[in-house]
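A closer look at the structure
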Amino acid sequence: MSEQAHFQRVALIGFGLIGGSIARAAKLQGLASEIVTTARSEKTRARVAELGIVDQVVATNAEAVKDADLVILCIPVGACGAVAQEIAAHLKPGAIVSDVGSVKGAVVRDMVPHLPKGIHFVPAHPVAGTEHSGPDSGFAELFINRWCILTPPEDTDAAATEHLRAFWAAMGAKVEIMTPDHHDLVLAITSHLPHLIAYTIVGTADELAQVTESEVIKFSAGGFRDFTRIAASDPTMWRDVFLANKEAVLEMLGTFTEDLAKLTRAIRRGDGEALFDHFTRTRAIRRGIVEIGQDSAAPDFGRLAALKKP
Ligand code: NAP
């Protein structure tokens, strides 16, 4: 562990997939002398205490941030503004405040007005996840070889940004810095639109009267199954993502609709050359993703290997 990555006291507000993974990874790598956490419900707090991963589970957000050098909001995007307002008066001067939200522009807009002078705000988005949620879903390896994007406002203290960068790098992430608007545009096409398409396809298949439910499940390996995994993602989180990144998603959706119309036309006209050219281009993109280590080239996306594990 590098000295630069270490924090004395880390407060995690929210302990689901992301908060729980940060706690596990930070403990494993020795990145905090003390980790204190809280969650909205008594049920989650009790489960976190039972898991025994963190040093302290407290009942309120105010209590959690007391004396913390790093505070990370690991909660739905739509809740960040209210929580920032709630913790503002209890933050330690000089503390770094961050989040993990999948949208950055709205989080910055909602949180900045509440944060007092002397607090270093460094928003973050680990581009890593699964369709699971809750305190049991996290794991220490989630961020290894995955990107974590930091979007510090222009006047942010460079040392604070560097400290948080080192923290994420020590958990295995590759860190990149960009503006919130650029982040939201990039993620609209790489993450938000694919989720919207998955939610649509799975919903459409469900509504098709001529395909019985058992047939949809039986023949799902034909491509549908991969969409169902994405469409099983947390409804609260994704509702907030689409509400918070409305402009960028609508822009990408416009481009997508035009491209879909082109493919529809090619199918209608029997234009095999257009279809072949398009599919050749997309196959090269997939190869590029595998080559830079962002996915497995194993048949079935490595699922068979995972099934064989004890
Ligand atoms: P999660 O597993 O559902 O956990 C969410 C946590 O937030 C829970 O501890 C929950 O407490 C708490 N919470 C929910 N609503 C709240 C509110 N209104 N006020 C205060 N606390 C609240 O969610 P997650 O997957 O970790 O996602 C958390 C954040 O990470 C989201 O902003 C999401 O955009 C971002 N993110 C998610 C992924 C992913 O793949 N899941 C990837 C990257 C980033 P209770 O359990 O007590 O309700």
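Source: prediction; values computed, not measured. (Residues numbered from 1 in each chain as written. Predicted model: local features only at pLDDT ≥ 70, side-chain atom pairs only at ≥ 80, totals over all residues. Heavy atoms only, no water.)

On to the overall build of the chain, then. When you go through the chain residue by residue, the secondary structure sums to 13 helices and nine strands. Over its C-alpha trace the chain gives a radius of gyration of 21 Å, about what one expects of a compact globule, namely 19 Å for 310 residues. If one aligns the C-alpha atoms of the chain with their principal axes, the spans along those axes are about 65 × 45 × 35 Å. With 310 residues in all, the chain has 41% of them scored as buried. Of the roughly 16800 Å² of accessible surface on the chain, 58% is carried by carbon and sulfur atoms. Within the chain, the 38 negative side-chain charges are centred at a point lying 4 Å from the centre of the 31 positive side-chain charges. (Helix = DSSP H or I, 4+ residues; strand = E, 2+ residues; numbered from the N terminus. Rg over C-alpha atoms; globule rule 2.2 N^0.38 Å. Buried < 20%, exposed > 50% of the residue type's maximum accessible area, 1.4 Å probe, protein only. Areas by Shrake-Rupley, 256 points an atom, 1.4 Å probe, with all protein chains shown as cover. Lys, Arg positive; Asp, Glu negative; His and termini not counted. Charge placed at Lys NZ, Arg CZ, Asp CG, Glu CD.)

The subject of this paragraph is the packing of helix H7 (residues 180-207) against helix H11 (residues 246-269). Close contact between H7 and H11 brings their axes to 9 Å; oriented N to C, the two are set at 65°. Put simply, H7 runs roughly perpendicular to H11. By crossing handedness, the relation of H7 to H11 is classed as right-handed. Residue-level inspection shows Asp184, Leu185, Ala188, Ile189, His192, Leu193, Leu196 and Ile197 of H7 in contact with H11, the latter providing Ala248, Val249, Glu251, Met252, Leu253 and Phe256. The class makeup of the residues in the contact of H7 with H11 is 11 nonpolar, one polar and two charged. (Axes fitted to C-alpha atoms, helices over the stretch in contact; angles between N-to-C directions. Parallel < 35°, antiparallel > 145°, perpendicular 65-115°, else oblique. Left-handed = near helix turned anticlockwise from the far one by under 90°. Contact = heavy atoms within 4.5 Å. Nonpolar A, V, L, I, M, F, W, Y, C, P; charged D, E, K, R; others polar.)

Across all of its chains, the model carries 14 salt bridges by this definition. Among the ionic pairs, Asp136 bridges to Arg47, the shortest N-O distance being 2.6 Å. In this pair, Asp136 sits in the loop between strand E7 (124-127) and strand E8 (147-150) while Arg47 sits in helix H2 (residues 42-51), placing the two residues 89 residues apart along the sequence. (Salt bridge = Lys/Arg side-chain N within 4 Å of Asp/Glu carboxyl O.)

A few words on helix H4 (residues 80-87). Restricting attention to buried positions, one finds in H4 the residues Cys80, Gly81, Val83, Ala84 and Ile87. One face of H4 carries all of its buried residues, which in axial projection span an arc of 165°. For H4, the elements touching its buried residues are strand E1 (7-13), helix H3 (61-65), strand E4 (70-73) and helix H5 (105-111). (Arc of directions from axis to C-beta.)

Tracing the backbone shows Ile201 in helix H7. Between the C-alpha atom of Ile201 and that of Ala231, which follows or precedes it by 30 residues, the distance is 8.8 Å. Not counting the four nearest positions on each side in its chain, Ile201 is found in contact with Phe224 and Phe227.

It is worth spelling out the site of the ligand at this point. The full set close to the ligand counts 25 residues, and Ile18, Ser41, Thr44, Ile75 and Ser102 are the nearest of them. Within the side chain of Thr44, one N or O atom sits 2.6 Å away from an oxygen atom of the ligand. At 2.7 Å from an oxygen atom of the ligand is found a side-chain nitrogen or oxygen belonging to Ser102. When isolated, the ligand has an accessible area of 900 Å², and the protein chains bury 85% of it. Grouping the constituent residues of the shell around the ligand by class yields 13 nonpolar, 11 polar and one charged. (Near = heavy atom within 4 Å. Polar contact = N/O pair within 3.5 Å; in protein donor to acceptor, adjacent residues only side chain to side chain.)

Spatial relationships are all this shows, so hold off on functional conclusions.
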